[in-house]
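Residue strings, one per chain:
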Amino acid sequence: MASDEIAAHRKKVREFMARAPFHRRSLNEDELSLYCSALTHDSYCSEALNLPEPVLLPSYERLEFLGDAVLEFIACEFVYKHTTLEEGSMTDFKQDIVANKKISDRVLSYGLDIDSVMLVGHGHRNGRKNIVEENMRADSFEALIGATYVLCGMDEAKRIVTEVLAPSLD
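Counting of residues starts from 1 at the beginning of each chain's written sequence and follows it residue by residue. Only residues with pLDDT of at least 70 are given local features in this predicted model, and only at 80 or more are side-chain atom pairs given and counted; all residues enter the totals for whole chains, interfaces and linings. Each side-chain value is derived from all of the structure's non-hydrogen atoms; neither hydrogens nor water enter the calculation.

(A) Region of the structure containing the packing of helix H1 (residues 2–18) against helix H2 (residues 29–38). Close contact between H1 and H2 brings their axes to 10 Å; oriented N to C, the two are set at 95°. Judged on the interaxial angle alone, H2 and H1 are roughly perpendicular. Facing His9, Arg10, Val13, Arg14 and Met17 of H1, the residues of H2 in contact are Glu29, Leu32, Ser33, Tyr35 and Cys36. Note that Gly is not counted as nonpolar here; it falls among the polar residues with everything else outside the nonpolar set of Ala, Val, Leu, Ile, Met, Phe, Trp, Tyr, Cys and Pro and the charged set of Asp, Glu, Lys and Arg. Its residues assigned to classes, the contact of H1 with H2 comprises five nonpolar, two polar and three charged. Only the stretch in contact is used when fitting a helix axis, every axis being a line fitted to C-alpha atoms; angles between N-to-C directions are given from 0 to 180 degrees. Starting at the N terminus, helices and strands are each numbered in turn, a helix being any DSSP run of H or I of at least four residues and a strand any DSSP run of E of at least two. Any angle between 65 and 115 degrees counts as roughly perpendicular, while under 35 counts as roughly parallel, over 145 as roughly antiparallel, and the rest as oblique. Any two residues having at least one pair of non-hydrogen atoms within 4.5 Å are treated as being in contact.

(B) Here's a closer look at the environment of Arg128. Examined against the element boundaries, Arg128 turns out to sit in the loop between strand E1 (125–126) and strand E2 (129–130). Relative accessible area decides the class of each residue, using a 1.4 Å probe on protein chains only: under 20% of the type maximum gives buried, over 50% gives exposed, and in between gives partly exposed. Taking the relative accessible area as the measure of exposure, Arg128 reaches 86% and is therefore exposed.

(C) Structural detail: the nonpolar core. Put simply, a nonpolar core is a bunch of buried Ala, Val, Leu, Ile, Met, Phe, Trp, Tyr and Cys residues held in one set by side-chain atoms that sit within 4.5 Å of each other. Among the nonpolar cores identified, the biggest contains 42 residues, and Phe16, Ile114, Phe141 and Leu144 are the most heavily contacted of them. At the level of secondary structure, the elements contributing two or more residues to this core comprise H1, H2, helix H4 (61–82), helix H5 (87–98), helix H6 (100–110), helix H7 (114–117), helix H8 (134–152) and helix H9 (154–169). By size, the runner-up hydrophobic cluster in this structure holds five residues, among which are Ile6, Tyr44, Ala48 and Leu119.

(D) Expanded view of the pattern of salt bridges. Note on definitions: salt bridges are taken to be side-chain nitrogens of Lys or Arg within 4 Å of carboxyl oxygens of Asp or Glu. Per the counting criterion, the structure on display carries 13 salt bridges. Residue Lys102 is joined to Asp96 by a salt bridge in which the shortest nitrogen-to-oxygen separation is 3.1 Å. What makes Lys102 partly exposed here is its relative accessible area of 27%. Judged by relative accessible area, Asp96 falls into the partly exposed class, the value being 39%. Taken together, the salt bridges that share partners define one network made up of Arg10, Arg14 and Glu29.

(E) Focus on the packing of H6 against H8. Two numbers describe how H6 lies on H8: the axes approach to 8 Å, and their chain directions differ by 80°. In terms of orientation, H6 and H8 fall into the roughly perpendicular class. Residue-level contacts link Asn100, Lys101, Ile103, Ser104, Val107 and Leu108 of H6 to Glu134, Asn135, Arg137, Ala138, Asp139, Phe141 and Glu142 of H8. Of the residues that constitute the contact of H6 with H8, the class distribution is five nonpolar, three polar and five charged.

(F) Spotlight on the packing of aromatic side chains. For Phe, Tyr and Trp, where Trp contributes only its six-membered ring, two rings pair if their centres lie within 6.5 Å, and the inter-plane angle classes them as stacked under 30 degrees, edge-to-face over 60, or tilted in between. For the structure on display, the rule yields two aromatic pairs. An angle of 45° between the planes, with centres 5.8 Å apart, marks the rings of Phe16 and Phe22 as tilted. Taken individually, Phe16 and Phe22 each receive the classification buried, so the pair is uniform in this respect.

(G) A look at H5. In a regular helix each residue adds 1.5 Å, so 12 residues correspond to 16 Å; H5 covers 16 Å between its end C-alpha atoms and thus fits that length. Along H5, the residues classified as buried are Met90, Phe93, Lys94, Ile97 and Val98. All buried residues of H5 project into a common sector of 125° when viewed along the axis, lining one side. Multiplying 1.5 Å by the helix residue count minus one yields the expected span of that helix. Directions pointing from the helix axis toward each C-beta atom define the arc.

(H) Structural context of the side chain of Ser104. Counting through the fold element by element, Ser104 comes out in helix H6. The exposure class of Ser104 is buried, given its relative accessible area of 1%. Here Ser104 is in contact with Glu134, Arg137 and Ala138, once residues within four sequence places are set aside.

Okay, here's the thing in structure tokens:
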């Protein structure tokens, strides 16, 4: 059961990453695995360990840690280059951009359907539909940015952040 679900997830992630804003086609296995991790909530990982045949999967948490820092840097650079605000106001501007609610809202407005692609535990499902809270959606987006940074560098991470969060940057 878990192996079928994981195989289906890998296929969904491959299709998801081929679309905007990522445009990542022909992912090798290591790249696909990293993006799959970025879209796997720790609730699923915990449940996978308790299966009759346990499966060890990484969640998005490590990538989210990195992606959060990359996103903060991009927001700080933007506010520094494109405003004349003083330090305190710069911090407020940056905090507004990187707030989970703002990220989640922009991801939804952009049409980036992270919710349907994420692997989540049973506590975050209603039948076949995932129930993804705004902090989970924002964290997963940050994890995707972290994975993009690792695989493609800062310029590509910045392009994606700007494309998805552009209205937040104005």
